[in-house]
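Fold and geometry: a report
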Amino acid sequence: MKKLDWYILKRYLTTFLFTLLILIPIAVAIDIAEKIDKFLRHENLTFIEVVNDYYINFIIYYANTFMPLALFISVILFTSKLANNSEIVAINSSQISFTRFLYPYLVGATIVASVAFVMNHFVVPSSSKVKKGFEKKYLKKKKYSDKSVKNFSLQINDSTYVFVQNYDLERNSGYNFSTETYDGIKLKYKLTADNINWNKEDSLYTLYSWKERKIFKERDSIFSGNSLDTLFAFTPKDLNYKSIVPQEMESPELRKFIEISQERGVKNLNAYWVELYKRTSLPVACYILTLIAVVLAHKKRRGGMGVNLALGITIMFIYVFFLKVAEVLGAVAGANSLLNVWVPNMVFGTYAIYLYFNARK
């Protein structure tokens, strides 16, 4: 790389970090003002715990959230400054093409996108899990709905299904349990119980007031009893899939969870697919936002840097709006999650290419 490339790349990264470091303290200050009274309610909660378990993870989460905004604003700021100082005019006078001028910007976008990719897929989910655990323990009131699962059905394999009307996840017990096995569409086996308890130590279920029915061609075999210890190919954790937050699972774990849920017949996993696809689409957006920002700011405007900044923030607001709408639509049952998540990038990517070809002229 030439000196000019290093100069632009250095400005790209330093301005980006500076912008991010401005936004994060503001978010932290606002959050402290909102939650300081909740922290003080807990006498056993130490300052070290608040910093290590909450605010370090808070900073990681919001640094990742603000990354596209910080990137877009920083590129507009320092590129506008280059234009106002006539440095871009000098670059053009040296017969450097606009495509070649973009080279250090794309290198910078690659660095930021790589960091965003690792954070989205691995760092932020683990950090969010610790942060959410702290919030549940100290900042939020416990709800009964978080402790129980109602009217839950689960497909164990191609022929076996499980149903439980109510299961208390805290006590590991439930009632109105049944499991059915089919041969095609014909029922071959059914086991019901008024109550079911899970023994964590030996991984056994205890059924109370149970009834077992085996169906043959000419007759049925029916057994019943007061209690029965048995094994099933699921655990209470599998019953709790609705409360598992996809943002708290690293991508390999999230993908595995989706695959297992699909095998067990869980319906509408689009919210999980949206989260998985979004973790890749956002890093790719670094290239799109960088290109749009450079094209908008590389020429002098009558209003100066303020006009470029106002225009850039407007475009960024529209992009974030489209992104949130796409996430909501992608999570709807029957929707194409992959297409919905990538639509904002496709639209703004097309706009970026249009601006690029106009700028080349």
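Residues numbered from 1 in each chain as written. Predicted model: local features only at pLDDT ≥ 70, side-chain atom pairs only at ≥ 80, totals over all residues. Heavy atoms only, no water.

Quick look at the overall build of the protein chain
A tally of helices and strands in the protein chain yields ten helices and six strands. The C-alpha atoms of the protein chain give a radius of gyration of 28 Å, which is well past the 21 Å a tight globule of 361 residues would have. Overall, the C-alpha framework of the protein chain stretches about 95 × 55 × 30 Å when taken along its three principal axes. For the protein chain, with 361 residues in total, the buried portion stands at 43%. (Helix = DSSP H or I, 4+ residues; strand = E, 2+ residues; numbered from the N terminus. Rg over C-alpha atoms; globule rule 2.2 N^0.38 Å. Buried < 20%, exposed > 50% of the residue type's maximum accessible area, 1.4 Å probe, protein only.)

Regarding helix α8 (residues 270-297)
Residues separated by three or four positions in an α-helix point in the same direction, a consequence of the helix having 3.6 residues per turn. Along its 28 residues, α8 runs 38 Å from first to last C-alpha, staying within 8% of the 40 Å computed at 1.5 Å per residue. Remark: the principal bend of α8, roughly 30°, maps to K278. (Expected span 1.5 Å × (residues − 1). Bend = angle between axes of the 7 residues up to and from the residue.)

Considerations on the pattern of salt bridges
Following the criterion strictly, the structure yields eleven salt bridges and no others. Notably, a salt bridge pairs E135 with K140, separated by 4.0 Å at the nearest N-O pair. Here K278 ties to E275 by a salt bridge, and the two come within 3.4 Å at their closest N and O atoms. One end of the pair is K278 and the other is E275, both in helix α8 and three residues apart, which spans about a single turn. Salt bridges linked by common partners bring K131, K132, E135 and K140 together as one network. (Salt bridge = Lys/Arg side-chain N within 4 Å of Asp/Glu carboxyl O.)

Some thoughts on the UniProt feature "transmembrane region" (unreviewed entry) in the protein chain
When the UniProt feature table is mapped to this numbering, "transmembrane region" (unreviewed entry) covers residues 59-80, 101-123, 280-297, 309-333 and 339-357. End-to-end, the C-alpha atoms of residues 59-80 are 29 Å apart, and along that stretch the chain is 100% helix and 0% strand. (UniProt positions renumbered as here; feature names shortened; annotations may be inferred.)

Digging into the packing of helix α1 (residues 3-41) against helix α2 (residues 47-84)
It is the contact of α1 with α2, at a shortest axis distance of 5 Å, that shows an interaxial angle of 140°. The orientation of α1 relative to α2 falls into the category oblique. Along this stretch, α1 crosses α2, giving a crossing that reads as right-handed. (Axes fitted to C-alpha atoms, helices over the stretch in contact; angles between N-to-C directions. Parallel < 35°, antiparallel > 145°, perpendicular 65-115°, else oblique. Left-handed = near helix turned anticlockwise from the far one by under 90°.)

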